[in-house]
Amino acid sequence: TGTFDRKTTDPLQVQLEIAQGTFQALETKVILGRAQKESLWGSIALQTRHAFGFQKASRQGRTESAEALDLYMRGRHELSERTVPTALRAIDLFKRALTVDPQFGLVYSAIADAQFVLMDNSYRPASDLILEARQNAERAIRIDPDLAEGHLSLAAVHQALWDWHPSEDSYAKALKAGPKLARAHRWYAGFVTQFGRFDEA
């Protein structure tokens, strides 16, 4: 086993660490969970906050609540299916996360993304969903002006309204704040393709 004397207040970084294969040194007791009422992911997220350290500073748009993080991750999983039923389930999970931590800015951007999924499936009038998506994206940015996901959601709002310059500005802010956010690169590539900027895409 290994020991770690670093700290983090950004449990979402744990997901990246898992993906990179650095989770193997975590002690078995962490994987077993703290209490039965906590999900496995929630327990790992909470305890790894103290077991691992990262260079990245904490931000207001994140959370230290294992329960809120668990609800957010479950919602993101549902949203990846991109259907109306899964988007509605995702929104319900996101709203539950906000009852636990109202300042969890990532959740507001996720709700905005879910509203675009509903729009793509013609669930409600596009104008209503775009307005709600904008309100949620802007709420995320108010909580944390450096939240890449918030700027990315706002970029999508501007793009849906054909406001090209504000959209590109928001994409630039998202990429600057989150240079490793794959979704930002993918969405921006689709954006510039509209204008024949294929090499850049």
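Bear in mind the structure is a predicted one, so any value in this text is a computation, not a measurement.

Asker: Which parts of the structure should I look at to understand the overall build of the chain?
Answerer: Scanning the chain from terminus to terminus reveals 10 helices and 0 strands. Helices and strands in the chain line up, N terminus first, as α-α-α-α-α-α-α-α-α-α. Out of the 201 residues belonging to the chain, those deemed buried represent 49%. Contacts spanning at least 24 positions in sequence make up 61% of the contacts within the chain whose residues lie at least 6 apart. Carbon and sulfur atoms make up 52% of the accessible area of the chain, which totals about 10800 Å².

Asker: What is the right way to look at the packing of helix H9 (residues 164-177) against helix H10 (residues 182-193) in this model?
Answerer: Any two packed helices are characterised by how steeply their axes cross, that is the angle between the axes, and by the distance between the axes. For the pair H9 and H10, the least separation of the axes is 10 Å and the interaxial angle reads 155°. For the element pair H9 / H10, the angle class is roughly antiparallel. In this structure, H9 crosses over H10, and the sense of that crossing is left-handed. Of the residues in H10, those touching H9 at Trp 164, Ser 167, Glu 168, Tyr 171 and Leu 175 are Ala 184, His 185, Trp 187, Tyr 188 and Phe 191. Tallied by class, the residues present in the contact of H9 with H10 amount to 7 nonpolar, 2 polar and 1 charged.

The rules behind these values
Residues numbered from 1 in each chain as written. Predicted model: local features only at pLDDT ≥ 70, side-chain atom pairs only at ≥ 80, totals over all residues. Heavy atoms only, no water. Helix = DSSP H or I, 4+ residues; strand = E, 2+ residues; numbered from the N terminus. Buried < 20%, exposed > 50% of the residue type's maximum accessible area, 1.4 Å probe, protein only. Contact = heavy atoms within 4.5 Å. Areas by Shrake-Rupley, 256 points an atom, 1.4 Å probe, with all protein chains shown as cover. Axes fitted to C-alpha atoms, helices over the stretch in contact; angles between N-to-C directions. Parallel < 35°, antiparallel > 145°, perpendicular 65-115°, else oblique. Left-handed = near helix turned anticlockwise from the far one by under 90°. Nonpolar A, V, L, I, M, F, W, Y, C, P; charged D, E, K, R; others polar.

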